[in-house]
Amino acid sequence: MTRTVAVLVGSLRSQSINHTVAKALAKVAEGRLVFDFVEIGDLPLYNDDLWHDGRGPEPVERMRAQIAAADGVLLVTPEYNRTVPGVLVNALDWGSRPWGQSVWVNKPAGCCGAATGAIGTAAAQLALKAQMVTLGMVVMGHPEFYLKFDPEKFAEDGTVTDESLRGFLKTYADALAAHIERLS
Ligand code: FNR
């Protein structure tokens, strides 16, 4: 059965390597997972005053509806100064409120990331996984996915040109699909 994954990428720039990796994962997951990319660049900075009668600004409601409708969540994070970029934390905060109506609770979830540096977002993901658990997501611990990005291994459209890397992405996508299936 095909499952839907709400995908949040913690980078807003057009040439994001994390966006490229997310697109590559979507390709290798075809047939098992459909990736629904969630726009987070138009969310306002979190502010409790912006809730009115339990509803947030339009981009917040759109994001919350997408996540609520998905079978699972995938967070694709860059590493900024050894932690999670603010844009992604902001999205997590919006999804966690109003109190008692968090969209994250019990969601099967994975996180992965790519960096230009050697540790491939390991520090950011350590912080992110702790937050995901706190938010009540059911986080897939293994396999882990830390990537030092090599542009020569990706085509423009996100197709992976390197066999070994494609195998790595497929292993991760298959495990995420199985994780979601087990919990659905
Ligand atoms: C970075 N980068 C970075 N890389 C890393 O491995 N560890 C880090 O702590 C940081 N810190 C950091 C802070 C800030 C503010 C920026 C802009 C960048 C480099 C980062 O890996 C690189 O810019 C990636 O290309 C960011 O991902 P996207 O935007 O290409 O998806």
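The structure under discussion appears in the preceding block.
Residues numbered from 1 in each chain as written. Predicted model: local features only at pLDDT ≥ 70, side-chain atom pairs only at ≥ 80, totals over all residues. Heavy atoms only, no water.

### What to know about the overall build of the protein chain
Line of reasoning, step 1. Assigned secondary structure in the protein chain consists of five helices and six strands.
Line of reasoning, step 2. Listing the helices and strands of the protein chain from first to last along the sequence gives β-α-β-α-β-α-β-α-β-β-α.
Line of reasoning, step 3. Here the C-alpha radius of gyration of the protein chain, 16 Å, is about what a compact globule of 184 residues would show, namely 16 Å.
Line of reasoning, step 4. Its C-alpha atoms put the protein chain at 50 × 35 × 25 Å along the principal axes.
Line of reasoning, step 5. Considering the protein chain as a whole, with its 184 residues, one finds that 48% of them fall into the buried category.
Line of reasoning, step 6. Considering only residue pairs separated by 6 or more positions, the protein chain has 76% of its internal contacts joining residues 24 or more positions apart.
Line of reasoning, step 7. Roughly 8900 Å² of accessible area belongs to the protein chain as shown, and the carbon and sulfur atoms make up 53% of that amount.
Line of reasoning, step 8. Across the protein chain, 17 positive and 21 negative side-chain charges occur, with their mean positions spaced 4 Å apart. (Helix = DSSP H or I, 4+ residues; strand = E, 2+ residues; numbered from the N terminus. Rg over C-alpha atoms; globule rule 2.2 N^0.38 Å. Buried < 20%, exposed > 50% of the residue type's maximum accessible area, 1.4 Å probe, protein only. Contact = heavy atoms within 4.5 Å. Areas by Shrake-Rupley, 256 points an atom, 1.4 Å probe, with all protein chains shown as cover. Lys, Arg positive; Asp, Glu negative; His and termini not counted. Charge placed at Lys NZ, Arg CZ, Asp CG, Glu CD.)

### A few points about unusual backbone geometry
Line of reasoning, step 1. Between Arg97 and the following residue, Pro98, the backbone shows a cis peptide bond with an omega angle of 0°.
Line of reasoning, step 2. For Pro98, the position within the fold is in the loop between helix 3 (86-95) and strand 4 (108-115).
Line of reasoning, step 3. Backbone torsion omega between His142 and Pro143 reads -5°, so that peptide bond is classified as cis.
Line of reasoning, step 4. Along the chain, Pro143 turns up in the loop between strand 5 (138-139) and strand 6 (146-148).
Line of reasoning, step 5. Even without being a glycine, Arg82 presents a positive backbone phi close to 70°.

### A word on the pairing of strand 4
Line of reasoning, step 1. Most of strand 4 is tucked away, with eight of its eight residues classed as buried.
Line of reasoning, step 2. The side-chain alternation of strand 4 yields two buried faces, one formed by Pro108, Gly110, Cys112 and Ala114 and the other by Ala109, Cys111, Gly113 and Ala115.
Line of reasoning, step 3. When strand 3 (residues 72-76) meets strand 4, the two strands line up parallel, connected through four bridges. Looking across to strand 4, one finds that Val73 is bridged to Ala109.
Line of reasoning, step 4. Taken together, strand 3, helix 3 and strand 4 form a β-α-β motif whose crossover is right-handed.
Line of reasoning, step 5. Where strand 4 and strand 5 come together, two bridges link them in parallel fashion. The residue bridging Pro108 from the neighbouring strand is Val138, located in strand 5.
Line of reasoning, step 6. As defined by bridge partners, strand 4 adjoins strand 6 across three bridges and the pair is classed as parallel. (Pairing = 2+ DSSP bridges. Right-handed = clockwise from strand over helix to strand, strands pointing away.)

### Here we look at the nonpolar core
Line of reasoning, step 1. Counting 31 residues, the largest nonpolar core has Leu25, Phe35 and Leu74 as the members making the most contacts within it.
Line of reasoning, step 2. Listing elements by their share of this core, those giving two or more residues are strand 1 (3-9), helix 1 (17-28), strand 2 (33-37), strand 3, strand 4 and helix 5 (163-183).
Line of reasoning, step 3. No other element matches helix 5, which puts eight residues into this core.
Line of reasoning, step 4. Residue contacts for Phe35: discarding those within four places in its chain leaves Val5, Val7, Ala22, Leu25, Ala26, Ala29 and Leu74.
Line of reasoning, step 5. Val38, Ala109, Cys111 and Met132 belong to the second largest nonpolar core, which has 25 residues in total. (Core = buried A, V, L, I, M, F, W, Y, C linked by side-chain atoms within 4.5 Å.)

### Describing the packing of helix 1 against helix 5
Line of reasoning, step 1. Where helix 1 contacts helix 5, the two axes come as close as 9 Å, and the packing angle between them is 70°. Looking at the two axes, helix 1 sits roughly perpendicular to helix 5. Residues Ala24, Leu25 and Val28 of helix 1 pack against Arg166, Leu169, Lys170, Tyr172 and Ala173 of helix 5.
Line of reasoning, step 2. Residues that form the contact of helix 1 with helix 5 fall into these classes: six nonpolar, no polar and two charged. (Axes fitted to C-alpha atoms, helices over the stretch in contact; angles between N-to-C directions. Parallel < 35°, antiparallel > 145°, perpendicular 65-115°, else oblique. Nonpolar A, V, L, I, M, F, W, Y, C, P; charged D, E, K, R; others polar.)

### Notes on the site of the ligand
Line of reasoning, step 1. Taken together, 13 residues sit near the ligand, with Ser11, Arg13, Ser16, Asn18 and Arg82 positioned nearest.
Line of reasoning, step 2. Measuring from an oxygen atom of the ligand, one finds a backbone N or O atom of Ile17 at 2.9 Å.
Line of reasoning, step 3. Asn18 is positioned such that a nitrogen or oxygen atom in its side chain is 2.8 Å from an oxygen atom of the ligand.
Line of reasoning, step 4. Alone, the ligand offers 620 Å² of accessible surface; in the complex the protein occludes 73% of this.
Line of reasoning, step 5. Considered class by class, the residues forming the shell around the ligand number four nonpolar, six polar and three charged. (Near = heavy atom within 4 Å. Polar contact = N/O pair within 3.5 Å; in protein donor to acceptor, adjacent residues only side chain to side chain.)

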